[in-house]
Amino acid sequence: MKFLSAIVTFENLHEVRRLCHWGPVIALSVIGICSTMAIFDSIIWYWPLDTTGGSVNFIMLLNWTVLILYNYFNAMFVGPGYIPLDWKPDGQQESQYLQFCRVCQGFKPPRSHHCRKCNRCVMKMDHHCPWINNCCGHQNHAYFTSFLILAPLGCSHAAIIFVMTMYTQLYERISFGWSTVKIDMSAPRRVQPLMPFSVPAFAATLFALGLALGTTIAVGMLFFIQMKVILRNKTSIEAWIEEKAKDRIQYYQTGEEFIFPYDLGGRWENFKQVFTWSGTPRGDGVQWPVHPKCHQHTLTIEQLKQKADKRVRSVQYRAVEVYNGACCPVSKGLQTFFRTPCTEEPRIPLSKGDTILATRDGDHTGKCPLEKVLLK
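As the structure is a prediction and not an experimental result, all values here were calculated from the model. (Residues numbered from 1 in each chain as written. Predicted model: local features only at pLDDT ≥ 70, side-chain atom pairs only at ≥ 80, totals over all residues. Heavy atoms only, no water.)

1. With respect to the overall build of the protein chain
And then number 1: Along the backbone of the protein chain there are 10 helices and 9 strands.
And then number 2: When the 376 residues of the protein chain are sorted by exposure, 43% land in the buried category.
And then number 3: The contacts of the protein chain with a sequence gap of at least 6 include a subset with a gap of at least 24, amounting to 67%.
And then number 4: For the protein chain, the exposed surface amounts to about 21300 Å²; the carbon and sulfur share of it is 62%. (Helix = DSSP H or I, 4+ residues; strand = E, 2+ residues; numbered from the N terminus. Buried < 20%, exposed > 50% of the residue type's maximum accessible area, 1.4 Å probe, protein only. Contact = heavy atoms within 4.5 Å. Areas by Shrake-Rupley, 256 points an atom, 1.4 Å probe, with all protein chains shown as cover.)

2. Let's talk about the UniProt feature "transmembrane region" (unreviewed entry) in the protein chain
And then number 1: The UniProt record marks residues 21–47, 53–73, 147–167 and 201–225 with the feature "transmembrane region" (unreviewed entry), using the residue numbering of this structure.
And then number 2: As annotated, residues 21–47 has a helix share of 93% and a strand share of 0%, and its two end C-alpha atoms lie 36 Å apart.
And then number 3: The span residues 201–225 shows a helical share of 100% and a strand share of 0%, and its end C-alpha atoms are spaced 36 Å apart. (UniProt positions renumbered as here; feature names shortened; annotations may be inferred.)

3. Some words on the confidence of the model for the protein chain
And then number 1: Mean pLDDT for the protein chain: 84, with 85% of residues reaching 70 or above.
And then number 2: Below a pLDDT of 50 lies the segment residues 361–376, which in the model reaches 45 contacts outside its immediate sequence neighbourhood of four places, other chains included. (pLDDT = per-residue confidence, 0-100.)

4. Considerations on the packing of aromatic side chains
And then number 1: Overall, the coordinates contain 11 aromatic pairs when judged by the stated rule.
And then number 2: Here phenylalanine 271 and phenylalanine 275 contribute two aromatic rings whose centre-to-centre distance is 4.6 Å and whose plane-to-plane angle is 20°, an arrangement assigned as stacked.
And then number 3: Accessibility expressed as a relative area gives 23% for phenylalanine 271, which makes it partly exposed.
And then number 4: Taken together, the aromatic side chains of Tyr72, Phe73, Phe77 and Phe147 make up a single cluster linked through ring pairs.
And then number 5: The ring of tryptophan 288 has arginine 111 sitting right over it, with the charged end atom 4.9 Å from the ring centre. (Phe/Tyr/Trp six-rings, centres within 6.5 Å; stacked < 30°, edge-to-face > 60°. Lys NZ or Arg CZ within 6 Å of the ring centre and 35° of its normal.)

5. Considerations on the environment of tyrosine 167
And then number 1: If you trace the backbone, tyrosine 167 turns up in helix H4 (residues 141–170).
And then number 2: Counting along the chain gives 121 residues from tyrosine 167 to tyrosine 46, while the straight-line C-alpha distance between them is 9.4 Å.

6. Some points on the packing of helix H2 (residues 22–46) against helix H6 (residues 199–230)
To characterise two packed helices, one gives the angle between the axes of the helices and the distance between these axes.
And then number 1: One way to put it is that H2 packs onto H6 with a least axis distance of 9 Å and a crossing angle of 130°. Considered as vectors, H2 and H6 are oriented oblique to each other. You can see that H2 and H6 cross each other, and the crossing is left-handed. Facing Val30, Ile33, Cys34, Met37, Asp41 and Trp45 of H2, the residues of H6 in contact are Ala201, Ala204, Thr205, Phe207, Ala208, Leu211, Ala212 and Thr215.
And then number 2: In terms of residue class, the contact of H2 with H6 is made up of 11 nonpolar, 2 polar and 1 charged. (Axes fitted to C-alpha atoms, helices over the stretch in contact; angles between N-to-C directions. Parallel < 35°, antiparallel > 145°, perpendicular 65-115°, else oblique. Left-handed = near helix turned anticlockwise from the far one by under 90°. Nonpolar A, V, L, I, M, F, W, Y, C, P; charged D, E, K, R; others polar.)

7. Section: the nonpolar core
And then number 1: Grouped together as the largest cluster of nonpolar side chains are 26 residues, with contacts concentrated most on Tyr72, Ile132, Phe144, Phe147, Leu148 and Phe275.
And then number 2: Residue contacts for phenylalanine 144: discarding those within four places in its chain leaves Ala75, His127, Cys129, Ile132, Cys136 and Gln226.
And then number 3: One finds Ala38, Leu61, Cys155 and Met166 within the second-largest nonpolar core, a separate group that totals 19 residues. (Core = buried A, V, L, I, M, F, W, Y, C linked by side-chain atoms within 4.5 Å.)

This is the structure we're talking about:
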């Protein structure tokens, strides 16, 4: 397994620290609770292992757990792939079409972006995911998306087990009043449970059911969002760049025709750029197959145009109070405290008198969030 080799290699042992974060702690806790309760409920109360159906159900539950954890840990430890520090293009002329990263002291190849959480330029960056405490990008996009579909499927199976466990164990204790619902209860009645279905067992099953249903809905929605961009061979960032490109062209009436360069025309072809039988995505993370009417730097040139446009429409402000960069600035009043952005992006400490250039939503900027650049 690729993620195991990433862990045991001495120089990559620091990657294990990614587990020490609220995102993986919550994610692994939910997986553990749902899997453990589903297995216990099946074996003890609902579908014992001495039946054929119970054995098949048990194997399926274990299968979901293994597949979910395999793709989860691969997404976390394989990582998105990082651009080497001090990277430069082979041709000197190509550098004029690329952005320069002052942190990594190198140019950003097409589709790469700098992540302030990872502090590196990421290949084909989609987003930084707190649940895996890593970026989703070129090398782990397939693992991450597979996790997004497997988690709802496994939780749906677990949710059915939880519902049927509570129904079978409470069938003769509570009158549900479902005159139109006919469920054959003869099989569950023939099997004596290993232990009585007590109030704590009911509470634990009900809690696990809530986690399973919540995960199915939330993660399932994320899966459809990811597949929407994958089938167009985009990332979430690139979809945003494309939207801003169309808004810029419409606002300035430039007459340009912007064609997204990485959409290969067919959903299956786009799909194969991310998902392969080997698990290794196509490409080296620097050079990409492009639309016939485009070239390698079509998108990077558009990014440079948007950056220049952002400088033109930026508004200058001057800090009137000291701000230490705290995530939740209680001393700045309740309104500031409750309207703090829900993001892990680092805050910019400010001193009184500092000059700030801010870009904000406008008629032609789409849904561009507030960005601030501190000028000393």
